[in-house]
Amino acid sequence: MDLLKTLVEKGLRRELPTREEALAVLATSDDELLDVVAAAGKVRREWFGRRVKLNYLVNLKSGLCPEDCSYCSQRLGSTAEILKYTWLKPDEASKAAAAGVAGGAKRVCLVASGRGPTDRDVDRVSRTIEAIKEQNEGVEVCACLGLLSDGQAERLRAAGADAYNHNLNTSEGTYGDITTTHTYADRVETVRQAQTAGLSACSGLIAGMGESDEDLVDVVFSLRELDPDSVPVNFLIPFEGTPLAKEWNLTPQRCLRILAMTRFVCPDVEVRLAGGREVHLRSMQPLALHLVNSIFLGDYLTSEGQEGKADLEMIADAGFEVEGADTTTLPEHRGGGCAPCGGGETAPAAGAEVPPARTDLVAVRRRGAGTDLAPNA
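In what follows, the accompanying structure is described. (Residues numbered from 1 in each chain as written. Predicted model: local features only at pLDDT ≥ 70, side-chain atom pairs only at ≥ 80, totals over all residues. Heavy atoms only, no water.)

**Some thoughts on the pattern of salt bridges**
So, point 1. Counted by the stated rule, this structure contains 27 salt bridges.
So, point 2. A salt bridge links Asp30 to Arg257, with the nearest nitrogen and oxygen atoms 2.9 Å apart. Of the two residues, Asp30 is situated in the loop between helix H2 (19-26) and helix H3 (33-48) and Arg257 in helix H10 (residues 252-265); the sequence distance between them amounts to 227 residues.
So, point 3. Note that Arg254 and Asp213 form a salt bridge whose closest N and O atoms lie 2.5 Å from each other. With Arg254 in helix H10 and Asp213 in helix H9 (residues 213-226), this pair connects stretches of sequence that are 41 residues apart.
So, point 4. Via salt bridges that share partners, Arg14, Asp227, Asp229, Asp268 and Arg334 belong to a single interconnected network. (Salt bridge = Lys/Arg side-chain N within 4 Å of Asp/Glu carboxyl O. Helix = DSSP H or I, 4+ residues; strand = E, 2+ residues; numbered from the N terminus.)

**A short note on the pairing of strand E8 (residues 270-273)**
So, point 1. Across the two faces of E8 the burial is the same, with Glu270 and Arg272 and Val271 and Leu273 all buried.
So, point 2. Looking at chain direction, strand E7 (residues 230-235) and E8 are connected through four bridges and run parallel. The residue of E8 that forms the bridge with Val231 is Val271.
So, point 3. Between E7 and its parallel partner E8, the chain crosses via H10, and the hand of that crossover is right-handed.
So, point 4. As paired elements, E8 and strand E9 (residues 294-296) share two bridges and run parallel to each other. From the neighbouring strand, Leu273 faces E9, where its bridge partner is Ile295. (Buried < 20%, exposed > 50% of the residue type's maximum accessible area, 1.4 Å probe, protein only. Pairing = 2+ DSSP bridges. Right-handed = clockwise from strand over helix to strand, strands pointing away.)

**Points about the side chain of Lys10**
So, point 1. Mapped onto the elements of the fold, Lys10 is located in helix H1 (residues 2-12).
So, point 2. Its relative accessible area of 10% is what places Lys10 among the buried residues.
So, point 3. Every residue in contact with Lys10, bar those within four places of it in the chain, is listed here: Glu15, Leu16, Pro17, Thr18 and Glu21. (Contact = heavy atoms within 4.5 Å.)

**So, the nonpolar core**
So, point 1. Core analysis: the biggest nonpolar cluster contains 98 residues, and Val58, Leu156, Phe235 and Phe264 have the highest contact counts within it.
So, point 2. Beyond its immediate sequence surroundings of up to four residues, Phe264 is in contact with Leu4, Leu7, Val8, Pro17, Val25, Val36, Ala39, Ala40 and Val43.
So, point 3. One finds Leu57, Val111, Ala163 and Phe296 within the second-largest nonpolar core, a separate group that totals nine residues. (Core = buried A, V, L, I, M, F, W, Y, C linked by side-chain atoms within 4.5 Å.)

**Comments concerning the packing of aromatic side chains**
Remark: the centre distance and the inter-plane angle together describe each pair of aromatic rings, the angle taken between the planes.
So, point 1. For the structure shown, the criterion picks out two aromatic pairs.
So, point 2. With 6.1 Å between their ring centres and 65° between their planes, Tyr175 and Tyr184 make a pair best called edge-to-face.
So, point 3. With a relative accessible area of 2%, Tyr175 lands in the buried category.
So, point 4. On the accessibility criterion, Tyr184 (9% relative accessible area) is buried.
So, point 5. With a centroid separation of 6.5 Å and an interplanar angle of 80°, the aromatic rings of Phe296 and Tyr300 are classed as edge-to-face. (Phe/Tyr/Trp six-rings, centres within 6.5 Å; stacked < 30°, edge-to-face > 60°.)

**Topic: the packing of helix H4 (residues 90-102) against helix H5 (residues 119-135)**
So, point 1. Taken N-terminus to C-terminus, the directions of H4 and H5 make an angle of 45°; their axes are 9 Å apart at the nearest point. Viewed along their axes, H4 and H5 adopt a mutual orientation that is oblique. Considering how the two elements wind past one another, H4 and H5 form a crossing that is right-handed. Residues Pro90, Ala93, Ser94 and Ala97 of H4 form the contact with H5, whose participating residues are Arg127, Thr128, Ala131, Ile132 and Gln135.
So, point 2. Each residue belonging to the contact of H4 with H5 can be placed in one class, and the counts come to five nonpolar, three polar and one charged. (Axes fitted to C-alpha atoms, helices over the stretch in contact; angles between N-to-C directions. Parallel < 35°, antiparallel > 145°, perpendicular 65-115°, else oblique. Left-handed = near helix turned anticlockwise from the far one by under 90°. Nonpolar A, V, L, I, M, F, W, Y, C, P; charged D, E, K, R; others polar.)

**Things to note about the state of the cysteines**
Note on terminology: a disulfide is the covalent bond linking the sulfur atoms of two cysteines.
So, point 1. Overall, the coordinates contain zero disulfides when judged by the stated rule.
So, point 2. The closest cysteine sulfur to the non-disulfide-bonded Cys65 is located on Cys72, 6.4 Å from its own sulfur.
So, point 3. Here Cys142 is not cross-linked by a disulfide; its sulfur's nearest cysteine counterpart is in Cys109, at 4.8 Å.
So, point 4. On the accessibility criterion, Cys142 (1% relative accessible area) is buried. (Disulfide = S-S within 2.5 Å.)

**Comments concerning the side chain of Gln74**
So, point 1. Topologically, Gln74 is positioned in the loop between strand E1 (51-61) and H4.
So, point 2. Excluding residues that lie within four positions of it along the chain, Gln74 makes contacts with Asn59, Lys61, Ser62, Gly63, Leu64, Cys65, Ile82, Ser113, Leu301 and Thr302.

**Let's talk about H1**
So, point 1. Leu3, Leu4, Leu7, Val8, Lys10 and Gly11 are the residues of H1 that are buried. On an axial view of H1, the arc spanned by its buried residues comes to 165°, and they lie on one face. Exposed residues on H1 whose side chains face more than 90 degrees from its buried face are Asp2 and Lys5.
So, point 2. Structurally, H1 contributes buried residues whose contacts are with H2, H3 and H10.
So, point 3. Two residues or fewer after H1 comes Arg14, characterised by a positive phi angle close to 60°. (Arc of directions from axis to C-beta.)

**Let's talk about H9**
So, point 1. Between the first and last C-alpha of H9 there are 20 Å, a value that for 14 residues agrees with the 20 Å anticipated at 1.5 Å per step.
So, point 2. Residues of H9 that are buried include every one of Asp215, Leu216, Val217, Val219, Val220, Phe221, Leu223 and Leu226, and no others.
So, point 3. Just beyond H9, the residue with positive phi is Asp227, at close to 60°. (Expected span 1.5 Å × (residues − 1).)

**A closer look at the pairing of E1**
As a general feature of sheets, a regular strand has side chains that alternate between the two faces.
So, point 1. Counting buried positions along E1 gives eleven out of eleven residues, so the element sits mostly inside the fold.
So, point 2. With two bridges connecting them, E1 and strand E10 (residues 321-322) associate as parallel partners. Following the sheet pairing, Val52 is matched in E10 by Val322.
So, point 3. By the bridge criterion, three bridges tie E1 to E9 in an arrangement that is parallel. Bridging from a neighbouring strand, Leu54 pairs with Ile295 of E9.
So, point 4. Direction of pairing for E1 relative to strand E2 (residues 107-112): parallel, over a ladder of six bridges. Across the sheet, the residue bridging to Lys61 is Ala112, located in E2.
So, point 5. One crossover worth recording links E1 to the parallel E2 by way of H4, and it is right-handed.

Encoded structure:
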C-alpha cells in the first residue's frame, strides 16, 4: 500500500505526515490492519528497538475533584463507587512506589485529583518525591497534579521530579464538550510551564469520548506541535456514575489504528499505552506492543489493570524486553533518557456496528494506595 510505504519513510525521517494521511490510517479496513501494524512497527523499532518502558501509577489523593471532566470517575458529581481518600503520607506513597519498582517499573507517576496544587501541596509532593528517590536509586518520578501556578514546576524539579504529566485529552474544538471548569488553553499552558522549568513533558489523549476522526487527528497533531517527550494514549473507561458511562464504541481494531496513527505522527516520542487497554484491546494487547514503547504496569488511578505478572509475560511472549533503568528511553537527538531532564474511545465509522458494552471488564480499584491490601505490580 503506497500510503503505508510513504508513512514509514516519513517516520524514519521524523517527517510530519499530512492530515489526509493520518486520517487515511484511521479509515483503513480490518483486512488491512496487520499491514498497518507492521508498517508502524518499523517506525517504532527504528527509534526504540524492542524495548518496553514500564511505568507505575500511585494515586496520592483519590476522588472528590471539583472539576467536571466528563470522562473522570473522580469528577464533581460522580457517583462511581471508587476509593476516596486524602493525601497519602510520603512514606505510604514511597512504599506503594517501591512495589512498582520491584515489579520492573522505571518510572513512578504520582497523581492527585484536583484542579491544581496549592503551594502546600507542592511541599507535600516534594517530600514524597524525595522519599521515593532516596529509597529507589535511579527511578524516574513524574508528577501529575493538575494545572500549575507560576513557580510550581521549578519547585517540583528542584525536589527531584523528572517529568510532569498533563494531557490535552481531546481536540481544542471539542474540549468544551467534555469540561467546562477549565480550558484547553489552560492545559497547554501547564505543559509549557513544565517544559520551561526543565521537566520532561508528558501529554497525551483519551480516545473514545464521541470524537470524530478529525478530532483525533487534531489532538495528535497538536501534541506533535507541543512536542512532549511522552504521549500516553488512553482509551475511555466508561465508569457507571459518569456522563460517558454509555460510550462503548471502540473495537480492538479501532484502538490499534489509533495507536498506529499516533506513532506515525509522533515517530520518535515515547508513545505509552495507558488506561483502558485491558477493557478495549483485550486479547489483542500484544499487537499494540508493535506500536507503543511504553505501558503502565498493574493498576490505574481508580480501576484495576491486569496482573503485573501477566504484563511481564505478555511482553516476553511477544518478543519484546523490559527497558532497564540503565537504558536511555528517547533517541539521542531528543536528549536520551528523560530528556531534557530525566518522562477513552471514538465514534464508530458510518455504518459500523457498535460493539456491545463490556461493563464486566471495568473493575474499580480496591487494592494498593489508600487501602490495606497489597498493590498490583
